[in-house]
Each structure stands twice: as structure tokens, then as C-alpha cells.
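Observations on the three-dimensional arrangement
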Amino acid sequence: MAHLGLVALVVRDYDEAIAFYVDALGFDLVEDTPRGDGTRWVVVAPPGAVETRLLLARAADDGQAARVGDQTGGRVGWFLNTDAFERDYARMRAAGVVFEEKPRREPYGTVAVFRDLYGNRWDLIEPQTGA
């Protein structure tokens with residue numbers, strides 16, 4: 001069966017993006033391979049993720065650089081699922097992750113919107129059991 005393997009996220013700098021996604025969000029650095037032309041193939045993923053991962057792609061020109069932090073027009077574009085909302089919420093806040101709101105309960109689970117280091121909006125969500 002086909003699956004979504006990578007989602008590209010345009011970043012300003014590889015190393016600052018790696019630091020945020022690994023240190024603040026707790027992702028694993030899956031791959032960081034120089035490509036010989038000054039670019040790198042950088043893949044990060046939440047611990048245990050085997051299918052969908054993030055490709056951290058450094059902006060290659062002014063047009064791409066202008067999209068860093070606004071890749072979805074201001075709406076939430078990424079949904080980080082957790083099996084322990086309070087644990088991950090507290091860890092992320094302690095690591096400096098900026099949340100736009102306090103956690104709230106919705107019919108589909110517990111959720112709070114946060115921003116990555118560039119301003120892209122994410123949901124941290126613990127799906128409701130059985131949802």
C-alpha cells in the first residue's frame with residue numbers, strides 16, 4: 001500500500017532547524033547527508049515514526065525564503081499526535097516552544113496550537129480514544 005513518506009518543510013538554516021525539531025520537539029534526526037552542492041538531505045521524525053517524516057529543505061532562492069514560516073497561509077498545517085498530551089506539552093514548553101493557547105478539549109481529543117521556530121502553526125493533539 002502506498003503511504004506518504006516525506007513532507008518538505010522549507011527552513012532558513014539546516015542546523016537551527018535540526019536544533020529546534022530535535023531538542024525542542026523531541027524528534028529523531030533520521031538522516032543528515034551532504035549532497036555535494038552545499039545542500040543536505042535532512043530528515044527528522046517523531047520517535048518511532050516509520051512512515052511520514054519531515055524533510056527539512058533549506059530555502060534555495062528568495063521566493064522560497066519568503067515562504068519560510070508561512071507555508072500554509074497562516075493556518076495550522078501540521079498535526080503532531082501524542083499519546084500523553086500533558087507530558088509532551090510540559091516538555092515542549094520547558095524547551096521554549098511557544099503555544100498560542102492553553103490546551104483545550106474537543107470532541108476529537110485534547111489539542112493546543114504551537115508555532116515552530118519560523119512561525120508555522122502546528123497542533124499538538126492527543127486523539128480521543130476511539131476517535
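Our structure is the block above this text.
Okay, so let's go over this structure. None of these values were measured; they are calculated from a predicted model. (Residues numbered from 1 in each chain as written. Predicted model: local features only at pLDDT ≥ 70, side-chain atom pairs only at ≥ 80, totals over all residues. Heavy atoms only, no water.)

1. Considerations on the packing of aromatic side chains
We count it as follows: Aromatic rings from Phe, Tyr and Trp, with only the six-membered ring used for Trp, were paired whenever their centres fell within 6.5 Å, and each pair was classed as stacked if the ring planes differed by under 30 degrees, edge-to-face if by over 60, and tilted otherwise. Using a 1.4 Å probe on the protein chains alone, a residue whose accessible area is under 20% of its type maximum counts as buried, one over 50% counts as exposed, and one in between counts as partly exposed.
Counting across every chain of the model gives 9 aromatic pairs. Pairing Phe114 with Trp122 gives two aromatic rings, centres 5.7 Å apart and planes at 20 degrees, and the pair type is stacked. Judged by its relative accessible area of 0%, Phe114 is buried. Pairwise contacts between aromatic rings join Phe20, Tyr21, Phe27, Trp78, Phe85, Tyr89, Phe99, Phe114 and Trp122 into one cluster.

2. Comments concerning the pattern of salt bridges
Put simply, the rule is: Salt bridge, as used here, is a side-chain nitrogen of Lys or Arg placed within 4 Å of a carboxyl oxygen of Asp or Glu. Helix and strand assignments come from DSSP, with helices taken as H or I runs of at least 4 residues and strands as E runs of at least 2, each series counted from the N terminus.
Scanning all chains against the criterion turns up 10 salt bridges. For Arg40, the salt bridge identified is with Asp15, shortest N-O distance 2.9 Å. Within this pair, whereas Arg40 is found in strand β3 (residues 40–45), its partner Asp15 is found in helix α1 (residues 14–24), the two being separated by 25 residues in sequence. Classification of Asp15 as partly exposed rests on a relative accessible area of 48%. Residues participating in the shared-partner salt-bridge network are Asp15, Asp32 and Arg40.

3. Things to note about the pairing of β3
Strand residues, when the strand is regular, have side chains that alternate between the two faces of the sheet. To be explicit about the condition: Paired strands, in this sense, are two strands between which DSSP finds at least two bridges.
Where strand β2 (residues 28–34) lies against β3, 6 bridges are found, and the strand directions are antiparallel. The residue bridging Glu31 from the neighbouring strand is Val43, located in β3. Adjacent in sequence and paired antiparallel, β2 and β3 are bridged by 5 residues, among which Gly36 carries a positive phi angle near 90 degrees. Pairing of β3 with strand β4 (residues 53–58), which is carried by 3 bridges, proceeds in the antiparallel orientation. Note on β4: the bridge partner recorded for Val42 is Leu56.

4. Points about the environment of Ala65
Within the secondary structure, Ala65 is located in helix α2 (residues 62–67). For Ala65, a relative accessible area of 40% gives the class partly exposed. C-alpha separation for the pair Ala65 and Arg105, spaced 40 residues apart in sequence, amounts to 35 Å.

5. Section: α1
The condition that has to hold: Pairing of N or O atoms within 3.5 Å defines a polar contact, subject to two protein rules: one partner must be a possible hydrogen donor and the other a possible acceptor, and residues neighboring in sequence count only if both atoms are side-chain atoms.
Among all positions of α1, only Tyr14, Ala17, Ile18, Phe20, Tyr21 and Ala24 are buried. One side-chain oxygen of the residue at the start of α1 lies 3.0 Å from the amide nitrogen of Asp15, identifying that residue as Asp13. One or two positions beyond α1, positive phi appears at Gly26, with a value near 85 degrees.

6. Side note on the sheet that holds β4
The strands making up a sheet are joined through hydrogen bonds of the backbone, oriented either antiparallel or parallel. Inclusion rule: Note on definitions: angles span 0 to 180 degrees between N-to-C directions of axes, and those axes are lines fitted to C-alpha atoms, for helices only across the stretch in contact. Note on definitions: a residue-residue contact is assigned when non-hydrogen atoms from the two residues lie within 4.5 Å.
Strand order in the open sheet made by the 4 strands is β1-β4-β3-β2, with mixed pairing throughout. Either end of the sheet is taken by a strand with one partner, and the two such strands are β1 (6–11) and β2. Within the sheet, the average angular offset between the axes of one strand and its neighbour, ignoring direction, is 25 degrees. Pairing of β1 with β4, which is carried by 6 bridges, proceeds in the parallel orientation. Looking at the pairing, Leu6 lines up with Arg53 of β4. With respect to the sheet, α1 is in contact with β1, β2, β3 and β4, its orientation differing from that of β3 by roughly 10 degrees.

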